[in-house]
Amino acid sequence: MQKKEVIQHFHKKYNTEPYVFVAPGRINIIGEHTDYNDGYVLPAAIDKAIYFAIKTNGTPSTVNATAVDLTEDFTFDINQIAPKIGFWGTYIMGVCSQLQKNGYKINGFDVVFSGDIPLGAGLSSSAALECGLLTALNDIFSLGIEKVKIALMGQQVEHTYAGVNCGIMDQFASVMGEENAVIRLDCWDMSYQLFPFELGENIVVLCDSAVKHELASSEYNTRRKECEEGLAICNKLFGVKSLRDVTMAQLEAHKGDFPDIVYKRLHYVVGEVLRVETACQKMKEKDLATVGQMMYATHDGLSREYGVSCEELDFLVDQTRNDSGVIGARMMGGGFGGCTINIVKGSYADAFIEKMSAAYKKRFSVDMKAYKTTVKKGCHKE
Ligand code: GLA
């Protein structure tokens, strides 16, 4: 639907045939807040995406951008970039500026975009916007940029123009995803493996809390600092260069050497790095029950030790704990709102959504949205 609208909008505005690109959002099965700690993550690109209609416009440096959903147009010169945090056009400017900083030459272009990745739901709509536009510009200006570099440049846009010091997971998943495959990414050296996403009779349902607490970006940056502080101590104690090399036994034996809060954060990270490795193995063995239990363990760690959950997310996960139709559930993404990811028996999914929505409404007077999600190919040209 969005794709057709975007093309029609482009035709009406520019009276010419555009190129079309798709940039998906992402889910993450397990491995949360491990990416910037050099651990593993297990994300996949999904069937919710941003669609771009785009074409060069023959000008040296004028960009005309339209966000169809917001019915807003924005024109700027790629040599005069004036970012403003919180404004969608900043991502467009940020992408152009990032390309230029890396020595890639682009000229003027017209772009119209729209999508169905819910904003603020923790499904990485901003990574899709950055990486989708980078993919499109790479193609229409024949820049020859490799896919992993696109993801890294997208991450830089987020750091510089959105003020979030994020890891690489979201951009990597949006760019590198493949249909029906999860990506086991080692954030230490960017090596990765794709393996089939086989849930048998089960499906992924995202429960959207419909809240995004203000704290999200500032607390995210704080967590990174707390981890850096912890790593500096680990470096002195154990000579390690990364938290992934700290063992649980080392950490527990030196509890007293860390400020309390830093110890809690590290205890979560070290546990989570181990959990992802085990969960990957269990997924390969098709032992979903154990993967599900690990998802709950991740949630508990994120909530009690890492301090990035909130009442709404805890409630949504708690509702599933004694539900035999649910294999596993946890908050997903940065935290402080957004979605929980649930692996649910396919035949039960509709009843599950109904039950969850009713309980959420009763407790918070908020309408919970739910998305049955499938795994799709990453950023690509149509
Ligand atoms: C956000 C960030 C990612 C990652 C997750 C938490 O989505 O953008 O890099 O750190 O939070 O796992």
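Numbering of residues starts from 1 in every chain and runs along the sequence as written. Whole-chain, interface and lining totals are the exception, using all residues; otherwise, since this is a predicted model, local features are given only for residues with pLDDT of at least 70 and side-chain atom pairs are given and counted only at 80 or more. By convention in this description, side-chain values take in all heavy atoms of the structure and omit both hydrogens and water.

(A) Expanded view of the domain arrangement of the protein. Taken domain by domain, the protein consists of domain 1 (2-198) and domain 2 (202-372). By convention here, the domain bounds are inherited from an automatic or database domain assignment. Look at where the C-alpha atoms of domain 1 and domain 2 centre, and you get two points 26 Å apart. Any two residues whose heavy atoms approach within 4.5 Å are treated as being in contact. Counting from both sides, the interface comprises 37 residues of domain 1 and, opposite them, 43 residues of domain 2. Summed over both partners, the accessible area (1.4 Å probe) lost when two parts come together is defined as the buried area. Summing both sides of the interface, domain 1 and domain 2 together bury roughly 3300 Å²; the carbon and sulfur share of this comes to 64%. The largest per-residue losses of area from domain 1 upon contact with domain 2 belong to Ile30, Glu32 and His33, which jointly make up 20% of the total buried on that side. For this analysis, a salt bridge means a side-chain nitrogen from Lys or Arg found within 4 Å of a carboxyl oxygen belonging to Asp or Glu. At the junction of domain 1 and domain 2, the tally comes to 3 salt bridges. Linking arginine 330 and glutamate 32 is a salt bridge whose minimum nitrogen-to-oxygen distance equals 2.7 Å. Counted as a polar contact is a pair of N or O atoms within 3.5 Å, where, for protein atoms, one must be capable of donating a hydrogen and the other of accepting one, and residues adjacent in sequence contribute only when both atoms are in side chains. Applying the counting rule to domain 1 against domain 2 returns 20 residue pairs in polar contact (both at pLDDT 80 or more). Secondary structure counts use DSSP, requiring at least four H or I residues in a row for a helix and at least two E residues in a row for a strand, with both numbered from the N terminus. Within the residue set of the side of domain 1 that touches domain 2, elements represented by two or more residues are β1 (19-28), β2 (40-41), β3 (43-56), β7 (181-186) and β8 (191-196). Top contributing element to the side of domain 1 that touches domain 2 by residue count: β1, with 3 residues. As a working rule, the residues Ala, Val, Leu, Ile, Met, Phe, Trp, Tyr, Cys and Pro are called nonpolar, Asp, Glu, Lys and Arg charged, and the rest polar, with Gly in that last group. Taken together, the residues of the side of domain 1 that touches domain 2 break down into 15 nonpolar, 13 polar and 9 charged.

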